[in-house]
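# Coordinate inspection notes
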Amino acid sequence: MARQRTPEGPPPPPAVQRLRLRYAKRGRLRFSSSRDFSRALERALRRAGVPMAFSAGFHPHPLISYANAAPTGTASEAEYFEIRVTERVDPDALREALDEALPEGLDVIEVVEAGPGALADRLEASEWRLVLCGVERLEVEQAVATYLATERAEATRTFKTGPRTFDTREAVRSFAVTGVDDDGCAILRMVVRHTTPSVRPDDILTALHAVTGLAPPIPPRVTRLAQGPLLDADDAVADPLATDKDAAGSGQVTREPREPVRGS
């Protein structure tokens, strides 16, 4: 019977601290994929000298957990991941060092020490901002009203297992035109509950077109403004790191998000 191979050398140092980070994906970096970000992050962690904890085995990898990334091409003010480190670090210093090491447009907004519970369990819904150009505000308002009055609005998307048709309407908790920008483009806000399969803004626009015929001639600019616990009373999205901040007291640092750059 063959002996089971075991990695040579001592096991990696244990993790002593878990940190949760919120970052933004802005400007041209909205076109970066999840894989692009993971590569950039690992380089930035090394450059910033973060004492990362690693997995055991023949192919150790840094202990990083990603949570519900926005689709490629979508800007975001509320992306999250979690890391584990082998030495205790100051969240403020970590935010500054990592923000400096990442490319401009991938901006670390907030770092907190992780409290009990899983971060992914708190990400129940997202708030999105969509800018539609080439259509009148009134036309968009009428289309949104028709969509909200519809019991079912389907979209089809291709998954690894093939095309799948699913309902988008049930996941949409709020949907409204909130104004126009300087170019006369309609601004929409929506709160969407996270479901399986996930309902993305492009799915909702596809269903909106199927239900109402609305077809903006220019691809919309989409930004995720927030994701976190869903507040059923007012269909709003709460801060997923609030519990961690309460537990950590003054052990967190926040940099207020900027307005999305023009064109994002």
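Structural data are supplied above this passage.
Bear in mind the structure is a predicted one, so any value in this text is a computation, not a measurement.

Analysis parameters
- Residues numbered from 1 in each chain as written.
- Predicted model: local features only at pLDDT ≥ 70, side-chain atom pairs only at ≥ 80, totals over all residues.
- Heavy atoms only, no water.
- Helix = DSSP H or I, 4+ residues; strand = E, 2+ residues; numbered from the N terminus.
- Buried < 20%, exposed > 50% of the residue type's maximum accessible area, 1.4 Å probe, protein only.
- Contact = heavy atoms within 4.5 Å.
- Areas by Shrake-Rupley, 256 points an atom, 1.4 Å probe, with all protein chains shown as cover.
- Lys, Arg positive; Asp, Glu negative; His and termini not counted.
- Charge placed at Lys NZ, Arg CZ, Asp CG, Glu CD.
- Expected span 1.5 Å × (residues − 1).
- Arc of directions from axis to C-beta.
- Disulfide = S-S within 2.5 Å.
- Polar contact = N/O pair within 3.5 Å; in protein donor to acceptor, adjacent residues only side chain to side chain.
- Phe/Tyr/Trp six-rings, centres within 6.5 Å; stacked < 30°, edge-to-face > 60°.
- Pairing = 2+ DSSP bridges.

## Focus on the overall build of the protein
- Each helix and strand in the protein was counted, giving six helices and 13 strands.
- Dimensions of the protein, computed from the C-alpha atoms along their principal axes, are close to 65 × 50 × 35 Å.
- Across the 264 residues in the protein, those meeting the buried criterion constitute 43%.
- Restricting to contacts in the protein with at least 6 residues of sequence separation, those with at least 24 account for 76%.
- Carbon and sulfur atoms make up 49% of the accessible area of the protein, which totals about 14,200 Å².
- Between the mean site of the 35 positive side-chain charges and the mean site of the 39 negative ones, the protein shows a separation of 6 Å.

## A few points about the environment of Val-172
- Inspection of the secondary structure assignment puts Val-172 in strand β8 (residues 172–180).
- For Val-172, a relative accessible area of 5% corresponds to the buried category.
- In this structure the C-alpha to C-alpha distance between Val-172 and Asp-235, which are 63 residues apart in sequence, comes to 9.6 Å.

## Looking at helix α4 (residues 137–148)
- Counted at 1.5 Å a residue, the expected span for α4 with its twelve residues is 16 Å, and the 16 Å between its end C-alpha atoms agrees.
- Within the span of α4, buried status applies to Val-140, Ala-143, Val-144 and Tyr-147. Looking down the long axis of α4, one finds its buried residues gathered within 100° of arc, a one-sided arrangement.
- Buried residues belonging to α4 abut β5 (125–132), β8, β9 (186–193) and α5 (201–212).

## Brief notes about the state of the cysteines
- In total, this model carries one disulfide according to the counting rule given.
- There is a disulfide in this structure between Cys-133 and Cys-185, and the S-S distance comes to 2.0 Å. In this structure, the disulfide formed by Cys-133 and Cys-185 twists by about 105° around the S-S bond and is classed as right-handed. Here Cys-133 is found in the loop between β5 and α4, whereas its partner Cys-185 is found in the loop between β8 and β9, with 52 residues between them in sequence. Accessibility assignment for this pair places Cys-133 and Cys-185 in one class, buried.

## Comments concerning the side chain of Ser-32
- With respect to the helices and strands, the residue Ser-32 is situated in the loop between β1 (17–25) and α1 (34–47).
- Of the polar contacts made by the side chain of Ser-32, one reaches the backbone oxygen of Leu-29; its length is 2.5 Å.
- Residues in contact with Ser-32, not counting those within four places in the same chain, are Lys-25, Thr-72 and Leu-106.

## Considering the packing of aromatic side chains
- On inspection of all chains with the given rule, the structure shows seven aromatic pairs.
- Taking the centre distance of 6.3 Å and the plane angle of 80° together, the rings of Phe-37 and Tyr-66 count as edge-to-face. Of this pair, Phe-37 sits in helix α1 while Tyr-66 is found in strand β2 (residues 64–67), placing the two residues 29 residues apart along the sequence.
- Under the relative-accessibility criterion, Phe-37 is labelled buried at 4%.
- Taken together, the ring pairs connect Tyr-23, Phe-37, Tyr-66 and Phe-81 into an aromatic cluster.

## Things to note about the pairing of β9
- Among the eight residues that make up β9, six are buried, leaving the element largely enclosed by the rest of the structure.
- Bridging between β5 and β9 involves eight bridges; their strand directions are antiparallel. Within β9, the residue paired with Ser-126 across the bridge is Val-192.
- With seven bridges joining them, β8 and β9 adopt antiparallel strand pairing. In the sheet register, Ala-176 faces β9, and the bridge partner there is Arg-189.

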